[in-house]
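# Observations on chain architecture
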Amino acid sequence: MLDQYLFIFAQAHEDFRIPELRSIAELHQFPIKIPEDIDVKRPFAVLGLEKEEHARILARRCILVKHVYEFYASATSYEELHEKNRALHARWDKYAADTSFKFFVAGFNQSIPQRRQKDVVESFSYMDFQGKIDMKNPELIMGCFEEYYDKQGTMRHKHEGDGNFREVFFGRLIEDGSARSLVQKFDVKKRAYYGNTSMEAEISLLMVNQTLASPGKVVYDPFIGTGSMAYTTAHFGAFVFGSDIDGRQMRGKENQPGIMRAAAQYGVAERILDLGTFDVTHHPWRCGGFLDAIITDPPYGVRAGAKRLGRRETPRSLRRPISAPSTPRPDDQPYIPPMKLYELSALATDLVLLARYLLRPGGRLVFFLPTVTDEYQEVDIQTMTCEGMELVANSLQDFGVWGRRLVTIRKTTSQDYPPPAFDTAAAPSDDVDGAHVPAHRHFRQKYFQKFRSPTEGDEEGSQRSLSEAIEQVAEDNNLP
Amino acid sequence: MVRLITHNLLACHAKNCNTNNFPLQLKDVQVEQREAEFNPDFLRGFMPRIEWKALVEAAKQVGDTSLPLEQPEMLDDEFLKQLHHVLLEIHIDEGALVCPNCGHVYPIMNGIPNMLLAENEIG
Ligand SMILES: C[S@@+](CC[C@H](N)C(=O)[O-])C[C@H]1O[C@@H](n2cnc3c(N)ncnc32)[C@H](O)[C@@H]1O
Ligand SMILES: [Zn+2]
C-alpha cells in the first residue's frame, strides 16, 4: 500500500512537474502513484509513495517541488476537513503530549487575513497539542492551505471572497524542497562565461532531471554552445561530452575555454570529459552505445540557426565560386564554412536516430523542439520517434504564439543500430499526399512570417526571441 | 583535455576514409596530468566499449606503460585504478591527432580538438 503525500509546487513550468517527479522516482527506483485525472495546472497534488524517505529524495532533487507534506485530508469546507481529520486521530495522537510545534496557514492565489489565519489555527484546537509552540525550530509543522481559483486580471479587493476557496489541504511537513536554490546557483548572469544562446538556469536543471543524471553516467550535448546544461549535468555527478560546429561558442575569447572556466567556477571542471569542434552531421564518434543520455537545445533557426557543413542548395546560376579550403581551418577564427540551413523537422528526426545509435539501452534523449502553438498536434512528436525509441515525456514551455516542448525519449531496444545517414532528403516531404506534416516543420519560415511584429502584452519570452530573430536575419544575409 | 578515453572514441571521418582510420596518431602532443574522481562502476560499464590495443598504445606514447597488453578479465581494484588514471587523468592540451590512413591533421588547441572537415572531405 502506498501512503499519500501532499506536494506543493513552485508556480512555474506546470507541464514539467509530473515528468520531473516520475524521472527522479525512476532514477531512485521507487514507485510513485500519480492520479490519472490529475490537473497539472494546480499547485497541489496528492501522490502515493511507499515511504517518507522517497518523499525526501524528491524534495531534494526536484526543482519544482517547494514542500512535501504527509497528507492528512482535503475538503471544500472546514467542517468536512475537521471531520476527516478527527477520524485520523491515530496519526497525530502521538504528537499531542510534548512535541514542539507550529501551525502554518497560507492561501494560494489569494492571501488570508491575519485575523482569520488565527481562527483557522484555533479551529484545530481539538487536536489538543500540549507541546510548546515554537515558531523558529519546531519538531513538528502542520500545514493548512486554502487554494483559490486564479482571479488574475479581474478587479477585486484584496480579501474579497476570503474563505470561498476551491479546496483546503491539511498535513504534516516532511521536508521543504531544497533543489530550487540551484536556480540561483546556476544563474547565467553570475557565470564566468555565457553567451546569447545560454539556457536559463531553471530550464537547464529541469532538463538534467529528465536525463536521470547521476554519478558515473556519461551525458553528451552535441550542440553545446556555451555549455549551460553541461554545468547542471556535471553538478549531479555525471560526466559530460560536448561538441559544437562553432569552436568560438565553447572557447570565448580567452585561452582557457569559456566552458572550462564556468565549469571550474561550479567545481565540476573535472567532469567535463572533453569538448570537440565538429558538425554533428559529420561526427567522428568511432562507435555507438556508450552514452547514458543526450541533452541538448538544438539550433532551430531563430536563436542560433541550424547549420551544417555543405553547400546551400541554391540554383547553380546563383552560386558564387568559392575557393574550397583543402586544409582544415582553425576553429577559433571568425571564418564560417559554407553551410546550408538545416530544416527543423529533419534535424529532429536525425537527432532521434543519432541518439538510438549513441545511447546505451535504457538511455535517454532530452531536447527542445519549438512549435507554433495553435498548429501543434500530439502526433507531431510521434512522427519523430522510431523503432526502439519511445516517448517518455513532452512538456510545453508556453511563450504565447509559439512555444517549445521539452521532449524526453528513451531507448528501449538493446539491439545495435547503425548511425543515421543524415540524409535530409529521406525525410517525408510536405507534398506527400496524406502524410502528416508536423507543426515544427519549417518552423523557421513560419516564425518569420507570422511572428514578425510583437503583439501587445507579448510575453517576455517571445519578445526576447524576436530580437534574436532580427539578429538572425542579419546574420543570414551574410551567408555565402 | 583530450583525455585518452576520448582519443579511444574518435576516428577519422573524412569522406571515403573508412579503413585504418583509427586510432588517430598523436603528434607533437603536450601532456598534463590532472586528478579525477575514481568511479569503479563507471569504469566497469565503459570497459566493453574500449579498443584495448589502441588504449595501451596511446598510453605508451604519452609515457604510461602501466596497462597490461591484454585486457584482463578480472577487474580488481588495482587494475581499475590504473585504468582510471590512463582514461581520465592524462590530458592532451596541445598538438594534433593525425589519421593513419588519409593523413588528415586534427589540431588540438587549448584542449579542444578541431574535428571539422574541409569542404572537399565531406561525403
Ligand atoms: C541553441 S544553441 C545551444 C546553446 C547552448 N545550450 C548554450 O547553453 O549556449 C545551438 C548551437 O548549435 C550549434 N550548431 C548549429 N548547427 C550545428 C551543427 N550542424 N553541428 C553542431 N553544432 C551546431 C550552434 O553553433 C549553437 O552553438
Ligand atoms: Zn582519414
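Nothing here was measured: the structure is a model prediction, and the numbers come from that model. (Residues numbered from 1 in each chain as written. Chains lettered and ligands numbered in written order. Predicted model: local features only at pLDDT ≥ 70, side-chain atom pairs only at ≥ 80, totals over all residues. Heavy atoms only, no water.)

### Re the overall build of chain B
- Within chain B, the secondary structure is distributed over four helices and four strands.
- Sequence-ordered secondary structure for chain B, helices as α and strands as β, is α-β-α-α-α-β-β-β.
- Relative to its length of 123 residues, chain B is compact, with a C-alpha radius of gyration of 15 Å against a globular reference of 14 Å.
- Oriented by its inertia axes, the alpha-carbon framework of chain B measures out at about 45 × 30 × 20 Å. (Helix = DSSP H or I, 4+ residues; strand = E, 2+ residues; numbered from the N terminus. Rg over C-alpha atoms; globule rule 2.2 N^0.38 Å.)

### Details of the coordination of the zinc ion (ligand 2)
Residue and element names in this part refer to chain B.
- Note on the zinc ion (ligand 2): its protein donors are Cys12 (SG), Cys17 (SG), Cys99 (SG) and Cys102 (SG). The metal-donor distances range over 2.2 to 2.4 Å.
- With four donor atoms in place around the zinc ion (ligand 2) and angles of 101 to 115° between them, the coordination shape is tetrahedral.
- As a motif over one chain, the donors of the zinc ion (ligand 2) read C-x4-C-x81-C-x2-C. A residue pair is termed long-range when its members are at least 10 positions apart, and cysteine 17 in the loop between helix 1 (4-7) and strand 1 (25-33) and cysteine 99 in the loop between strand 2 (90-98) and strand 3 (105-109) qualify at 82 residues.
- Overall, the relative accessible area of 4% leaves cysteine 17 in the buried class. (Donors = N, O, S within 2.8 Å, 3.2 Å for Na, K, Ca; no water. Tetrahedral: all angles 85-135°; square planar, octahedral: opposite > 155°, others 65-115°. Buried < 20%, exposed > 50% of the residue type's maximum accessible area, 1.4 Å probe, protein only.)

### Topic: unusual backbone geometry
- With an omega dihedral of -10°, the bond running from B:Phe22 to B:Pro23 counts as a cis peptide bond.
- Relative to the helices and strands, B:Pro23 is located in the loop between helix 1 and strand 1.
- The backbone phi angle of A:His13 is positive, close to 50°, even though this residue is not glycine.
- Tracing the chain through its elements places A:His13 in the loop between strand 1 (3-9) and helix 1 (17-27).
- A relative accessible area of 17% places A:His13 in the buried class.
- Unlike most non-glycine residues, B:Asn16 shows phi in positive territory, near 65°.
- By the secondary structure assignment, B:Asn16 is in the loop between helix 1 and strand 1.
- When its relative accessible area of 66% is taken as the criterion, B:Asn16 is described as exposed.

### Here's the deal with empty space enclosed by the protein
- Within this structure, the stated rule accounts for three cavities of 30 Å³ or more.
- Roughly 60 Å³ of volume is contained in the largest cavity.
- Taken together, A:Phe241, A:Gly242, A:Asp274, A:Leu275, A:Gly276, A:Phe278, A:Pro284, A:Trp285, B:Thr6, B:Leu10, B:Pro113 and B:Met115 make up the full set of residues lining the largest cavity.
- Those elements giving two or more residues to the lining of the largest cavity turn out to be strand 9 (239-244) and strand 10 (272-277) of chain A.
- Per element, the largest residue contribution to the lining of the largest cavity is three residues, and it comes from strand 10 of chain A. (1 Å grid on protein atoms, 1.4 Å probe; cavity = no way out; pocket = protein on both sides within 12 Å on 5 of 7 lines; lining within 4 Å. Points joined across faces, edges and corners; volume = space filled by probe spheres on them.)

### Focus on the domain arrangement of chain A
Residue and element names in this part refer to chain A.
- Here the domain parsing of chain A yields domain 1 (3-179) and domain 2 (184-318 + 331-424).
- One C-alpha centre belongs to domain 1, the other to domain 2; they are set 37 Å apart.
- Between domain 1 and domain 2, the contact holds 14 residues from the first and 21 residues from the second.
- Here domain 1 meets domain 2 over a buried area of about 1500 Å², counting both sides, of which 58% is carbon and sulfur.
- Inspection of the region where domain 1 meets domain 2 yields two salt bridges.
- If you look at where domain 1 meets domain 2, you find nine residue pairs in polar contact (both at pLDDT 80 or more).
- Sort the elements by how many residues they give to the side of domain 1 that touches domain 2 and helix 1 lands first, with six residues. (Domains from an automatic or database assignment. Contact = heavy atoms within 4.5 Å. Buried area = accessible area lost by both parts, 1.4 Å probe. Salt bridge = Lys/Arg side-chain N within 4 Å of Asp/Glu carboxyl O. Polar contact = N/O pair within 3.5 Å; in protein donor to acceptor, adjacent residues only side chain to side chain.)

### Brief notes about the interface of chain A and chain B
- Taken together, the 46 residues of chain A in the interface contact 37 residues of chain B.
- Interface area, chain A with chain B, both sides summed: about 3500 Å², of which 59% is carbon and sulfur.
- There are two salt bridges connecting chain A and chain B.
- The shortest N-O distance in the salt bridge between B:Glu37 and A:Arg271 comes to 2.5 Å.
- Here chain A is connected to chain B by 22 residue pairs in polar contact (both at pLDDT 80 or more).
- Looking at the side of chain A that touches chain B, the elements with two or more residues in it are strand 9, helix 9 (247-251) and strand 10 of chain A.
- With six residues, the single largest contributor to the side of chain A that touches chain B is strand 10 of chain A.
- Grouping the constituent residues of the side of chain A that touches chain B by class yields 23 nonpolar, 11 polar and 12 charged. (Nonpolar A, V, L, I, M, F, W, Y, C, P; charged D, E, K, R; others polar.)

### Some remarks on the pattern of salt bridges
Residue and element names in this part refer to chain A.
- Enumeration according to the criterion identifies 31 salt bridges over all chains in this entry.
- Of the charged contacts in the structure, one is a salt bridge between glutamate 202 and arginine 180, with a shortest N-O distance of 3.2 Å. Residue glutamate 202 is located in helix 7 (residues 201-211), and its partner arginine 180 is located in the loop between strand 7 (167-176) and helix 6 (182-185); the two are separated by 22 residues in the primary sequence.
- With a shortest N-O distance of 3.3 Å, glutamate 254 and arginine 261 are connected by a salt bridge.
- In this structure arginine 261 comes out as buried when scored by relative accessible area, which is 14%.

### Some words on the side chain of A:His54
- Along the polypeptide, A:His54 turns up in helix 2 (residues 52-61).
- Every residue in contact with A:His54, bar those within four places of it in the chain, is listed here: A:Phe30 and A:Leu49.

### Comments concerning the packing of helix 3 (residues 52-61) of chain B against helix 4 (residues 77-89) of chain B
Residue and element names in this part refer to chain B.
- At a minimum axis distance of 11 Å, the contact between helix 3 and helix 4 shows a crossing angle of 70°. Between helix 3 and helix 4, the interaxial angle falls into the category roughly perpendicular. The two elements helix 3 and helix 4 meet at a crossing, and its hand is left-handed. Between helix 3, through Trp52, Leu55 and Ala59, and helix 4, the contact on the second element is made entirely by Phe79, Leu83, Val86 and Leu87.
- Considering only residue class, the contact of helix 3 with helix 4 consists of seven nonpolar, no polar and no charged. (Axes fitted to C-alpha atoms, helices over the stretch in contact; angles between N-to-C directions. Parallel < 35°, antiparallel > 145°, perpendicular 65-115°, else oblique. Left-handed = near helix turned anticlockwise from the far one by under 90°.)

### A closer look at the environment of A:Val68
Residues and elements named next belong to chain A.
- Mapped onto the elements of the fold, valine 68 is located in strand 4 (residues 65-75).
- Judged by its relative accessible area of 0%, valine 68 is buried.
- Separated by 223 residues in the primary sequence, valine 68 and leucine 291 place their C-alpha atoms 33 Å from one another.
- Contact partners of valine 68, with chain neighbours within four places excluded, come to Tyr5, Leu6, Phe7, Ala55, Ala59, Arg172, Leu173, Ile174 and Glu175.

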